[in-house]
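# Working through the structure, step by step
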Amino acid sequence: MQGYYRFPSIYKDHIVFVSEDDLWIVSVNGGIARRLTSNLSAVSDPRFSPDGKYIAFTGREEGHPEVYITPSDGGVAKRLTFMGAITSVAGWTPDSNHIILASNHGQWYRRMFFLYANRLTDSRPAKLPFGAANQISFGAKKGVVIGRNAYDPARWKRYRGGTVGELWIDRSGNGKFEKLLRIKGNMTSPMWVKDRIYFISDHEGVGNIYSSTTQGTNVKRHTDHIDFYVRNATTDGQRIVYHAGGDIFMYDPSTGKKRKIDINYHSPRIQTQRKYVDASGYLEDYSIHPKADQISITSRGQVFSFPNWHGPVTKHGNKPKARYRLGRWLHDGSHFVFISDEAGEDGLHVQDRSSSKSKILKLDIGRPVEIEPSPTRPLIALTNHRFELIIVNIKRGRRTILDQSQFRRIGDITWSPDGKWLAYTYYLNNYFTSCIKIANLATGKTYEVTRMVAQDFSPSFDPQGRYLYLLSNRHFDPVYDKFHFDLGFPANTKAFAVLLRKDIASPFDYTRNAPAGIDINMADHKQKSSSKPKKILIDLEGIQDRIIQFPLPHGIYMQIHGLKDKILYTTFPILGGKEQWGFDGPKAKGILHYYDLNEQKSYFVTSGLLDFKVAGQNEIIICRTKDQVRIAKAIEKLDQKLESQPAGPKSGWIDLKRIKLLIEPTIEWQQMYRDVWRLQRDHFWNRNMSGIDWKKIY
């Protein structure tokens, strides 16, 4: 059986390495590998102590990566550090009394690492006086060589930017460091072997092992890998071990020869066994039926739909090797569409829920990013990775490219209530400047509704056809920093309304702006009594001048949606860098409000959400928290006490445990592998992949 082997470390006749997120040990001559750990989480960076008694490694059993230690012949692992940060094993002191670790503990920047020494008997690491560094190797006469920004070059091949890996050396241990080499490459894994410094570099194209004298001269190349990078090399002071392409190699500087370690690998492969997982833990996307009585959930590449509270769950798509996403109902509520890569490329599926018939439309739609069905006809608007806006006629099986940006993806697509117009965010340059555009479906023409000022986004039509609401990052009132002289714009978003017709009054002062003798609410009453959406009329001439600011404070606004005489919107608090950029994804700290146009007041609805969607003729909302969804009336204040209540119509929480999410890892990995291959192909900067045979790469 062949495994995938990483992070080797050598001591005398043994090599320890990582496979299947556990430690294994094997002879330097190859043969049967023996498992040392059975951890619940991933392990990495094992290092033999110089005396061979222990193996230190980076473990994640209790959350953050921390330093653990285990006897080299096997046994119970012990946690040594409690840094509460990104921490990894960097090596040992030559006397085997201290483990050297790298950590960003207490740093303002996640990639600012320092080295610490930790005794085996306590958990109080002492910071070493070497400055910023994340790798280290000790030489003769107390010499030290360290790596700064020294990360695996395979993760960013041939990088030459400002955070390129560097090696610094203190030859005599007097605390004075100087840069070892000035070659134009990304260097990592410094290893002091006898009188030379060995390291990994990709300055000649592919990561290989090189060495220089301690003065940084006489650079030599020692390995000749061309298909895969040399990665994570370590040494015992005499020999060097590394992995490349999932295999382990040993290089002996005394002979100049390398050889592959042939490992006889016997594993129960527990991680490949099929299993059921919690759908809420992998929630990707959601949507709601036009009548708001069903929802669709996408979780871990599978699409499901089911009634809100009771009833069977339907899985859409049954090919285990495919990924399914972006499930949506058409306007009639009886047809369901979604995207899959069943055929090897993304395709649009259409299912007739009444007859269970399904078909795939063979259209060039690229890699869809957003999908929005028309509210009145069997049409789909979608955006893709090619910065295109495409209209797909489901009935005829045809597609039309309505618009395309040259700079960034088109986003925030939204239909007018009558299905005649489409609004969306359109980028006008590479400097994150966007405007709101609208497209006339009858003529295929597009128009810029707002001027190129800043970032305009999140358009939404007023259901009565009077306004187009939007958000814009155009509030430039700088805030001074408290610690150094600098200015920033932490909350520069405001809400706006565009008057779609010249005869429309401002929504924020009815009594003063409404023409005499007109009952504004009368037209609304007539519209409500009719089941057919009111035709939206837009006066395009001068529309960019008819933009009005909401009487709301500036802040961090993320969504806005028009209801009848009301507007839903979300705001988010200003978060610190550590809180905002956590390890567990975006923070569900949004607050949902609505603004009443008649009362000219804003009201609180609920808090603790990421985003929301609207259905049921704008009367029902579905909100997403981090890993749950909740249904409620659009402008009804949610009782926060219900947040701890069980799922059901009383609390509004959807019971995602009704979904049985079956995972078959080896099949899932095949799909993921091809998906990554397609992502790199589709997002590459030229069509011929710079002359690389991409099919051969696959």
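Residues numbered from 1 in each chain as written. Predicted model: local features only at pLDDT ≥ 70, side-chain atom pairs only at ≥ 80, totals over all residues. Heavy atoms only, no water.

## With respect to the sheet that holds strand β22 (residues 231-235)
Strand order across the open sheet formed by four strands is β22-β23-β24-β25, with antiparallel pairing between neighbours. Each of the sheet's edge strands pairs with one partner strand only, and the pair in question is β22 and β25 (257-260). The sheet shows a mean angle of 20° between the axes of neighbouring strands, taken without regard to direction. (Pairing = 2+ DSSP bridges. Helix = DSSP H or I, 4+ residues; strand = E, 2+ residues; numbered from the N terminus. Axes fitted to C-alpha atoms, helices over the stretch in contact; angles between N-to-C directions.)

## Quick look at the packing of aromatic side chains
The description of an aromatic ring pair uses the distance of the two centres, along with the angle that the planes make with each other. Taken as a whole, this structure holds 27 aromatic pairs when the rule is applied. On the numbers, 5.2 Å between centres and 70° between planes, the contact of tyrosine 5 with phenylalanine 17 is edge-to-face. Pair noted here: tyrosine 5 is in the segment before β1 (6-11) and phenylalanine 17 is in strand β2 (residues 14-19), with a separation of 12 residues, a long-range link. Chaining the aromatic ring pairs together yields one cluster made of Tyr467, Tyr469, Phe508, Phe550 and Tyr595. If you follow arginine 300 out to its NZ or CZ, it ends over the ring of tyrosine 282, 4.5 Å from the centre. (Phe/Tyr/Trp six-rings, centres within 6.5 Å; stacked < 30°, edge-to-face > 60°. Lys NZ or Arg CZ within 6 Å of the ring centre and 35° of its normal.)

## Digging into helix α4 (residues 665-682)
Here α4 spans 25 Å end to end across 18 residues, near enough to the 26 Å set by a 1.5 Å rise per residue. Buried residues of α4: Pro665, Ile667, Glu668, Gln671, Asp675, Trp677, Arg678 and Asp682, and no others. Of the surrounding secondary structure, the elements contacted by the buried residues of α4 are β57 (661-663) and α5 (694-697). (Expected span 1.5 Å × (residues − 1). Buried < 20%, exposed > 50% of the residue type's maximum accessible area, 1.4 Å probe, protein only. Contact = heavy atoms within 4.5 Å.)

## A few points about the sheet that holds strand β45 (residues 467-472)
Read across the sheet, four strands follow the order β44-β45-β48-β49 without closing on themselves; strand pairing throughout is antiparallel. Across the chains shown, the open sheet's two edge strands, defined by having one partner strand only, are β44 (456-461) and β49 (547-549). For this sheet the average axis-to-axis angle between neighbouring strands, irrespective of direction, equals 30°.

## Here we look at the pattern of salt bridges
Opposite charge on two side chains permits pairing when their charged atoms draw close. According to the stated counting rule, one finds 39 salt bridges in the structure shown. The salt bridge involving arginine 678 is made with glutamate 345; its shortest N-O contact spans 3.7 Å. With arginine 678 in helix α4 and glutamate 345 in the loop between β33 (335-340) and β34 (347-352), this residue pair connects regions lying 333 residues apart in the sequence. The exposure class of glutamate 345 is partly exposed, given its relative accessible area of 33%. A cluster of three or more residues bridged by salt bridges with shared partners is formed by Glu284, Arg323, Arg325, Asp341, Glu345, Asp346, Arg367, Arg674, Asp675, Arg678, Arg681 and Asp682. (Salt bridge = Lys/Arg side-chain N within 4 Å of Asp/Glu carboxyl O.)

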